[in-house]
Amino acid sequence: MDSSKTKDISELIYNKIKEKQAELKSAYQASKHQIGFFYIDDLLPEQLAKQCFEVFPKTTEMRCLKSIREYKYVSAQMDKHNALLESVLYAFQDPKIVNLIGDICDIDSLYADESLYAGGLSQMAYHNFLNPHLDNSHDAERERWRVLNLLYYVTPDWKTENGGHLEVWPDGPKKDPVVIESKFNRLAVMATHDTSWHSVNKVMVDRSRCCISNYYFSDQPLKDSDRFHVTKFRGRPDETFTNIILDLDASLRMMVRKVFKKGIRKNPHVYKKDD
């Protein structure tokens, strides 16, 4: 990774967020009682954002996750991809940016995740989707709480009718979601806790929605009601059978984690750096 390039990009990100800090803080506070989120457009210079899309890996170079829960492509092994993507991803981990976002969200202890546990790159192609779910509550070692999800979208000219948009469900997955479009050069930040249901609606065009993502962790949960939980999926409001299956799936995985605190196997979706 080019540390100089990463630093330059982090300065661009910091300055843009700092410029909109008061506005973003108001947006987060207004939604905090349910989920807590904000987004900011035109995060990076347009040409730089387009370069991210141009060098984004093909689906054949990523890991495909396909099940009743989700259908998407992911990668955390950043040294296998263009160095620009790694620089942009780790720019979000600059302590100045972490602290600034912590101030916006009123989170005192906030940490970026160098290992990219569940973060990295994601791509959603034709008919890909992500069902409503709660992110698992902790990091890989069950030492810190997962509290913020940062999603930076880099597909140019991504339209509303394309689908592939982030959905947050303030009243739970049995009600209607709020749609946050996956617009080009937009950063979306949302809280993760025991009621922060979110999803991605199905991609309806033969194109890919590309995203660079980070998670931030904290020493404390965002809500007093938070307890340890695995990732829990549900179907959409009209998918009764899917809901039954996914409820059983989550219950079984929670039973396993009560016996094996860190799981039966390590999550393969981490950045395995060379020593």
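Our structure's up above, just so we're on the same page.
As a convention, each chain's residues are numbered from 1 in the sequence order in which they are written. Local features are withheld for residues below a pLDDT of 70 in this predicted model, meaning they are given only at 70 or higher, and side-chain atom pairs are given and counted only at 80 or more; totals for whole chains, interfaces and linings count all residues. Only heavy atoms go into the side-chain values, all of them from the structure, while hydrogens and water stay out.

Draft legend 1. Broad picture of the packing of helix H3 (residues 46-54) against helix H4 (residues 83-91). At a closest axis distance of 9 Å, the pairing of H3 and H4 adopts a crossing angle of 120°. Between H3 and H4, the interaxial angle falls into the category oblique. Here H3 and H4 pass one another in a crossing that is left-handed. On the side of H3, the interface is formed by Leu48, Gln51 and Cys52, while H4 contributes Leu84, Leu85 and Val88. Charged means Asp, Glu, Lys or Arg here, nonpolar means Ala, Val, Leu, Ile, Met, Phe, Trp, Tyr, Cys or Pro, and polar covers whatever is left, Gly included. Along the lines of polarity and charge, the residues of the contact of H3 with H4 split into five nonpolar, one polar and no charged. Simply put, an axis is a line fit to the C-alpha atoms, just over the touching stretch for a helix, and the angle between two N-to-C directions goes from 0 to 180 degrees. Starting at the N terminus, helices and strands are each numbered in turn, a helix being any DSSP run of H or I of at least four residues and a strand any DSSP run of E of at least two. When an angle is under 35 degrees it counts as roughly parallel; over 145 it counts as roughly antiparallel; between 65 and 115 it counts as roughly perpendicular; any other value is oblique. Should the near helix be turned anticlockwise from the far one by less than a right angle, the crossing is left-handed, and should it be turned clockwise, the crossing is right-handed. By definition, residues are in contact when any of their heavy atoms lie within 4.5 Å.

Draft legend 2. The arrangement of helix H1 (residues 3-19) in detail. How far a helix is expected to stretch is found by multiplying one less than its residue total by 1.5 Å. Between its terminal C-alpha atoms H1 stretches 24 Å, which fits the 24 Å expected from 17 residues at 1.5 Å a residue. Along its buried surface, H1 packs onto helix H2 (21-31), strand S1 (37-40), H3, H4, helix H5 (95-104) and strand S9 (186-191).

Draft legend 3. Molecular detail of the nonpolar core. Residues belong to a common nonpolar core when they are buried Ala, Val, Leu, Ile, Met, Phe, Trp, Tyr or Cys residues joined through side-chain atoms within 4.5 Å. Think of it in three bands: residues with accessible area under 20% of the maximum for their type are buried, residues over 50% are exposed, and the middle band is partly exposed, with areas taken using a 1.4 Å probe on protein chains only. If you look at the biggest cluster of nonpolar residues, it comprises 52 residues, and the most contacted ones within it are Ile17, Leu148, Tyr152 and Ile212. Setting aside residues no more than four positions away along its own chain, Ile17 makes contact with Leu24, Ile40, Leu43, Ile97, Leu100, Ile101, Ile104 and Leu187.

Draft legend 4. Main features of H4. Burial runs high along H4: eight of the nine residues are buried. Buried residues along H4 sit in contact with H1, H3, H5, strand S4 (120-124), strand S6 (145-153) and strand S11 (209-218). With a side-chain oxygen lying 2.9 Å from the backbone nitrogen of Leu84, the N-terminal cap of H4 falls on Asn82. Here a polar contact is taken to be a pair of N or O atoms separated by no more than 3.5 Å, where protein atoms must pair a possible hydrogen donor with a possible acceptor and residues adjacent in sequence count only if both atoms sit in side chains.

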